[in-house]
Amino acid sequence: MAGFWVGTAPLVAAGRRGRWPPQQLMLSAALRTLKHVLYYSRQCLMVSRNLGSVGYDPNEKVHVKMADEAVCVGPAPTSKSYLNMDAIMEAIKKTRAQAVHPGYGFLSENKEFARCLAAEDVVFIGPDTHAIQAMGDKIESKLLAKKAEVNTIPGFDGVVKVLGDKHGNALWLNERECSIQRRNQKVVEEAPSIFLDAETRRAMGEQAVALARAVKYSSAGTVEFLVDSKKNFYFLEMNTRLQVEHPVTECITGLDLVQEMIRVAKGYPLRHKQADIRINGWAVECRVYAEDPYKSFGLPSIGRLSQYQEPLHLPGVRVDSGIQPGSDISIYYDPMISKLITYGSDRTEALKRMADALDNYVIRGVTHNIALLREVIINSRFVKGDISTKFLSDVYPDGFKGHMLTKSEKNQLLAIASSLFVAFQLRAQHFQENSRMPVIKPDIANWELSVKLHDKVHTVVASNNGSVFSVEVDGSKLNVTSTWNLASPLLSVSVDGTQRTVQCLSREAGGNMSIQFLGTVYKVNILTRLAAELNKFMLEKVTEDTSSVLRSPMPGVVVAVSVKPGDAVAEGQEICVIEAMKMQNSMTAGKTGTVKSVHCQAGDTVGEGDLLVELE
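Rules and cut-offs
- Residues numbered from 1 in each chain as written.
- Predicted model: local features only at pLDDT ≥ 70, side-chain atom pairs only at ≥ 80, totals over all residues.
- Heavy atoms only, no water.
- Patch = residues over 30% accessible without salt bridge, like charges linked within 9 Å, V, L, I, M, F, W, Y side chains within 5 Å.
- Areas by Shrake-Rupley, 256 points an atom, 1.4 Å probe, with all protein chains shown as cover.
- Salt bridge = Lys/Arg side-chain N within 4 Å of Asp/Glu carboxyl O.
- Helix = DSSP H or I, 4+ residues; strand = E, 2+ residues; numbered from the N terminus.
- Buried < 20%, exposed > 50% of the residue type's maximum accessible area, 1.4 Å probe, protein only.
- Phe/Tyr/Trp six-rings, centres within 6.5 Å; stacked < 30°, edge-to-face > 60°.
- Lys NZ or Arg CZ within 6 Å of the ring centre and 35° of its normal.
- Contact = heavy atoms within 4.5 Å.
- Axes fitted to C-alpha atoms, helices over the stretch in contact; angles between N-to-C directions.
- Parallel < 35°, antiparallel > 145°, perpendicular 65-115°, else oblique.
- Left-handed = near helix turned anticlockwise from the far one by under 90°.
- Nonpolar A, V, L, I, M, F, W, Y, C, P; charged D, E, K, R; others polar.
- 1 Å grid on protein atoms, 1.4 Å probe; cavity = no way out; pocket = protein on both sides within 12 Å on 5 of 7 lines; lining within 4 Å.
- Points joined across faces, edges and corners; volume = space filled by probe spheres on them.

*Asks:* In this structure, what is going on with a nonpolar patch on the surface? I would like to understand it.
*Replies:* Taken together, Leu530, Leu534 and Phe537 make up a surface patch of nonpolar side chains, about 390 Å² in accessible area. Considering the arrangement of structural elements, one finds Leu534 in helix α16 (residues 529-535). We classify Leu534 as exposed; its relative accessible area is 52%.

So, in structure tokens, the structure goes:
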């Protein structure tokens, strides 16, 4: 069952949790008039994943808790729910909603949906159908742009936010930089753009406003330009909706764009003049996805959030989300977990706050892309502003490999991991309110350890004095200090005065430990010297010949199977197609051979690692 939002005006702010909450929407007379706002969107979808699961309790969903009413619009597949206009119109009638905010996905740019609403005398909080039609048609939009004297290029990434009303007023709300992308989807956005100067910014803004006025645009929208190395800019398209990355615009302008959209929809004129719109500080947004960044910069992951903690305790941090511990990430919708936004007085401060926020973000139960996000924002090219839409493929031509540790960082990680190991051992030896004499004396002056990282074994000697551990790593001495609260998902440590935030994700009896350090998860194996000597006699597990088997790299649904037992296949030939979260992925043979067996068929739901096809 898919969720649907209905509520009073403050519901529009649902999911906007952060350190600077939006203005109280009920203060506006326009919002008092719009008593019910039906708000269905990708923002809703992001908090409504896996609503088709058995035992769905709508009262357990974050967005439903924030709403005054909740209406089911169908099962999880989008064609039967969020794209089902009949079901949505029925929900509108049932709740007597006066207005619909379409969010930034699905039907937000659908002129037929806008017409259906108009026919029922329901306000569409967005542009009119003429503007949607004009800007939605790529050819027509370019003709209109030329007529409005907007620079265009042949054929079909700077972004300028515009806001217009029904009285002929229009504003440009500065630009956003959206070049960091994978598979044509944005990953990191910021406002303003480091590339533009004031003159170019003004020229782009004025052309964006000219285009908005040419189509009598009355809502929030986005005009996309392509900017070359000489700061020449060319019109690409106009998105007639609120966009995912709108929070960075809100941060630097101080405007609540959803509130402004509702006021405009009611018929009120804009409250601001162009001179009022300034650039105050810098904002960066990272899209946190339930994805594996080591697979094509992000293949979807599903699962249940066993632990979830947003970094809202840090200054200048905003998180737009709608999930909580226990929420499910399913195969039906976009795998976005949240939008993480940081704000600072300048770009340097905003990026530093983003790195800290990513380190302090706790997400357990699903694979996520925090490692990739953190690497992007600290990359020297990104910091200098040397970016393009090909940034990821240029910087990581062989795929993303995680953070590459310097010698100093490697020693820090080994020292922290060793200190954690000893801290866990000491805790295990301690009995609360128990005066029994231990069989073995627990006091050990020096812990001699064997630590394996990246297939290399390091000799470590650790000792502790209260909260301070003295650690010698391959001859280098470091002091590690912390409160050593081993029950907390976050651990703040100081290594020779350098502050780090780490997360111990897992710890096994065999010495294996997973630690998130500088965004990347590192697997280390820590044993005492005696245990390491004995471990040499243990048999190692035989590695599977992956060229002879095809396993699903992600959870999804089998769309097609192209082979059957006995078929001859060539290396690289398509075997089957898996669809997950709106993406179709072609699975190919790892070698030339003959199909031995097929373990799936079209329509099957498969999990990550499930066996699909075997080759002889």
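*Asks:* Where do I start with the packing of aromatic side chains in this structure?
*Replies:* We describe a pair of aromatic rings using the distance from one ring centre to the other and the angle between the two ring planes. Enumeration according to the criterion identifies 9 aromatic pairs in this entry. Ring centres of Tyr396 and Phe400 lie 5.4 Å apart, and the angle between their planes is 90°; on these two criteria the pair is classed as edge-to-face. Like Phe400, Tyr396 is buried. These aromatic residues form a ring-pair network of at least three members: Tyr294, Phe297, Tyr396 and Phe400. The ring of Phe382 has Arg347 lying over it, and the distance from NZ or CZ to the ring centre is 4.8 Å. A cation sits over an aromatic face here: Arg507 above Phe424, 3.8 Å from the ring centre.

*Asks:* Just to check I follow, could you spell out the pattern of salt bridges for this structure?
*Replies:* Opposite charge on two side chains permits them to pair, given that their charged atoms come into close proximity. Across all of its chains, the model carries 24 salt bridges by this definition. Residue Lys564 is joined to Asp567 by a salt bridge in which the shortest nitrogen-to-oxygen separation is 3.2 Å.

*Asks:* Teacher, can you tell me more about the environment of Asp386 here?
*Replies:* Assignment of secondary structure puts Asp386 in the loop between α13 (380-384) and α14 (391-395). Exposure remark for Asp386: the relative accessible area of 40% places this residue in the partly exposed category. A C-alpha to C-alpha distance of 8.6 Å links Asp386 and Phe195, two positions 191 residues apart in sequence. The residues contacting Asp386, other than those within four sequence positions of it, are Arg381 and Phe391.

*Asks:* I would appreciate a short explanation of the packing of helix α11 (residues 347-359) against helix α12 (residues 370-378) in the present structure.
*Replies:* Each packed pair of helices is defined by two parameters, the angle between the axes and the distance between the axes. Two numbers describe how α11 lies on α12: the axes approach to 10 Å, and their chain directions differ by 160°. One element, α11, and the other, α12, form an angle in the roughly antiparallel class. Considering the relative orientation of α11 and α12, their crossing is left-handed. Facing Leu351, Met354, Ala355, Leu358 and Asp359 of α11, the residues of α12 in contact are Ile370, Leu373, Arg374 and Ile377. Classifying every residue of the contact of α11 with α12 by side-chain character gives 7 nonpolar, no polar and 2 charged.

*Asks:* Can you walk me through the layout of surface pockets in this structure?
*Replies:* The rolling of a water-molecule-sized probe over the atoms marks out the regions of remaining empty space. Size it by volume and the largest pocket reaches roughly 670 Å³. Lining the largest pocket are 21 residues, and of these Lys452, Asn512, Asn525, Leu527 and Asn535 lie nearest its centre. Listing elements by their share of the lining of the largest pocket, those giving two or more residues are β21 (447-453), β28 (520-528) and α16. Counted by class, the lining of the largest pocket contains 8 nonpolar, 6 polar and 7 charged residues. Volume-wise, the second largest pocket comes out at about 540 Å³. Forming the walls of the second largest pocket are 23 residues, and the residues nearest its centre are Tyr294, Thr367, Leu505, Val521 and Lys523.

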